[in-house]
Amino acid sequence: MAQDIKPPKAASVKRENNQCWAYTDIVKEHFLKPRNFVRDEKKMKGADGVGTVGSPACGDVMKMWIRVKDGKIAECKWQTFGCASAIASTSMLSTMAVGMKLEDALKITPKQIAERLGGLPSMKIHCSVLGDQALRAAIEDYEARKHGKAK
Amino acid sequence: MKIIYFDNAATTPTRTEVVKAMAPFWTDNYGNPGSLHAKGFEARAALDKARETVARTLGASPSEILFTGSGTESVNLALFGFCRANRQKGNHIITQKTEHHAVLDSCKALEKEGFAVTYLDVDKQGLVSREALERAIRKETILVTIMYANNEIGTVQSIQELASVARAHNVTFHTDACQAGGALDVDVRQLNADMMTLNGSKIYGPKGVGMLYVRAGIKLQPVIYGGGQEGGLRSGTENIAGIVGFATALSLAQKGREKESKRLAALRDYLISKVLKEIPRSYLNGHPTQRLPNNASFTILDVEGESMILRLSEKGICASTGSACTSRSLEPSHVLQAIGLPKEVAHGSLRFSLGKSSTKTDADYTVKTLKGIVEELRKISPIRINESVMRGR
């Protein structure tokens, strides 16, 4: 009977990218000492825009608060539920965004954040770098409020 | 920095006695046991002796012991080898949802070869019920494979009882006992197991050595072909140093088992109660008593596992998590999902697996450190999971 058996589907030799620990020193630095995170949410009450993205079930949630002055981001604060690269990338983004014109901040990509961190494992870029979306949501919230359509 | 190694379920250090027993087989006694000369005889004698030691420890006979390259390989040989050789008797396999991927992925591959597989559910604590197994057995069932103890949540199955159910129906029973080898009774006569997998790297032995017990009379088809070593069931020149190391480690682990398991269980319970007391919104995963003496697995709400273990690592503590972030699948662990934990909390799992060197001081330092880390990560976290999802845990 053995000869009737079909072997399992063949797989080519490849190296799976499962090296979660391949973090750079910059990632480590931002993960262990995150910049601009919000310890007390109450203090962010007067923020000009707030955005939240992600879901707890997927393992990443990011919330971002911004204050805007003269069309530029004067303050960028955040909270994150997620892995080391989620925390580090949000922290890094918050340092990048401050001082940026809103239209430029909207153009920040996960790839740029990853580059500033000295690189991230490729699977981590897809699953954990959501800060740019949170920032975009916060800017949109700010724009909506400005035009009297606050949510 | 002092390292507190609380990841003994991943792998254990190799004990000094084992290293010592292995050493000559890399240098002086380098022979191939297949050779007909002095060096070969020397190696053959060591191989035979190791096999006898293992057989004696497990209550088996030497001809029932096969050496392989890993626990995973043993599982593959047990599953593929048995199913392919016994296909004419039926095409149905029964396993359960919290098995190691060695079993689950082998079963998935066997499905592609035309076998039907039932994946039994477990309860909230990770136990398979005898009744569920009984109900799942049908006339085509040829194999039941259920792990002895779970690597993530530590739940110990009632193997003896489950194996008896299989035996009563004349179905062959395999158990993956990799996590149990150093902590529980692995006498195959006591367990009623027809096949049993063990490996060296979890019992203070070497990595790269596995063992499969196959009860006399059970037919297997090889998975690896070649020179016909291990009774033709596992070709490839025998890893004598590894095999000697495995036999030494198993025999030492089983000799000291009762005393060490008692010590570890007390330390485990101390750690568990301290974590649950000191860290708000934390829960124990797995069975409160029917669990490995060295396993303490938790769910901690509102924080993610990888963040916890990397911050623990910064403080010298080695732990593990079932969070998606440490898997390739981006899904939290199948074990945590099988015991009914919603994904949003499964991401916050944390496992400490204690070992020979673990002390109460280690546990105290770990809880104190973890407490600070969880507080800090909760401050960063924007979510607050409703505790009602953990009702009844």
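Here the structure is a predicted model, which means the values were calculated and not measured.

S.K.: Even after reading the chapter, I still don't get helix α6 (residues 131-146) of chain A, so can you show me in this structure?
M.R.: Given 3.6 residues per turn, any residue in an α-helix points the same way as the ones three and four places further on. All names here are of chain A. A rise of 1.5 Å per residue sets the reference length of α6, with its 16 residues, at 22 Å; its end C-alpha atoms lie 22 Å apart and thus fit the reference within 8%. Of all the positions in α6, only G131, D132, A134, L135, A138, I139, D141 and Y142 are classed as buried. On its buried face, α6 is in contact with β1 (49-55), β2 (60-69), β3 (72-81), α2 (84-97), α3 (102-105) and α4 (110-116). Looking one or two residues beyond α6, the residue adopting positive phi is G148, at roughly 75°.

S.K.: Just checking my understanding: could you explain the pairing of strand β6 (residues 172-176) of chain B for this structure?
M.R.: The side chains of a regular strand alternate, first on one face of the sheet and then on the other. All names here are of chain B. In terms of residue burial, β6 counts as a mostly covered element, since five of its five residues are buried. Where burial is concerned, the two faces of β6 agree: the one with T172, H174 and D176 and the one with F173 and T175 are both buried. Examined bridge by bridge, strand β5 (residues 141-145) and β6 share three bridges and lie parallel to one another. Across the sheet, residue T145 finds its bridge partner in β6, namely H174. A crossover links β5 with its parallel partner β6, the connecting element being helix α6 (residues 159-168), and its sense is right-handed. Where β6 meets strand β7 (residues 195-199), three bridges bridge the pair, whose relative direction is parallel. Paired with D176 across the strands is T197, a residue of β7.

S.K.: Explanation requested: unusual backbone geometry in the structure shown.
M.R.: Peptide bonds are, in most cases, trans, and in most cases residues other than glycine have a negative phi. If you check the backbone angles, D70 of chain A has positive phi at about 55° while not being a glycine. Relative to the helices and strands, D70 of chain A resides in the loop between β2 and β3. Taking the C-beta count within 10 Å as the criterion, D70 of chain A has 6 such neighbours and is therefore assigned exposed. At Y204 of chain B, a position not held by glycine, the phi torsion is positive, near 65°. Mapped onto the fold, Y204 of chain B is located in the loop between β7 and β8 (210-214).

S.K.: Sorry if this is basic, but what is going on with the packing of helix α9 (residues 257-278) of chain B against helix α13 (residues 360-380) of chain B here?
M.R.: Helix packing for two helices is described by the angle between their axes and how far apart those axes are. Residues and elements named next belong to chain B. With their axes 10 Å apart at the nearest point, α9 and α13 run at an angle of 20° to one another. The angle between α9 and α13 falls in the class roughly parallel. α9 and α13 meet at a crossing whose hand is right-handed. Seen from α9, the contacting residues are L267, Y270, L271, K274, V275 and E278; seen from α13, they are K360, A363, V367 and K371. Looking at the contact of α9 with α13, its residues break down into six nonpolar, no polar and four charged.

S.K.: Is there a simple way to think about the environment of P121 of chain A in this case?
M.R.: Counting through the fold element by element, P121 of chain A comes out in the loop between α4 and α5 (122-128). Here the alpha-carbon distance between P121 of chain A and S85 of chain A, two residues 36 residues apart in the chain, equals 9.2 Å.

S.K.: Would you explain the sheet that holds β3 of chain A in this entry?
M.R.: The pairing of strands in a sheet happens through backbone hydrogen bonds and is either parallel or antiparallel. Residue and element names in this part refer to chain A. A sheet is described by the order of its strands in space; here three strands give the open sequence β1-β2-β3, paired in antiparallel fashion. At either end of the open sheet lies a strand with only one pairing partner, and these are β1 and β3. On average, each strand axis in the sheet is inclined to that of its neighbour by 15°, with strand direction left out of account. In this structure, β2 lies alongside β3, joined through nine bridges in antiparallel fashion. Along β3, the bridge assignment pairs I66 with C76. Running over the sheet, α2 touches β2 and β3 and is turned about 175° from β3.

How each quantity is defined
- Residues numbered from 1 in each chain as written.
- Chains lettered and ligands numbered in written order.
- Predicted model: local features only at pLDDT ≥ 70, side-chain atom pairs only at ≥ 80, totals over all residues.
- Helix = DSSP H or I, 4+ residues; strand = E, 2+ residues; numbered from the N terminus.
- Expected span 1.5 Å × (residues − 1).
- Buried ≥ 20, exposed ≤ 12 C-beta atoms within 10 Å, placed from the backbone.
- Contact = placed C-beta atoms within 7 Å.
- Pairing = 2+ DSSP bridges.
- Right-handed = clockwise from strand over helix to strand, strands pointing away.
- Axes fitted to C-alpha atoms, helices over the stretch in contact; angles between N-to-C directions.
- Parallel < 35°, antiparallel > 145°, perpendicular 65-115°, else oblique.
- Left-handed = near helix turned anticlockwise from the far one by under 90°.
- Nonpolar A, V, L, I, M, F, W, Y, C, P; charged D, E, K, R; others polar.

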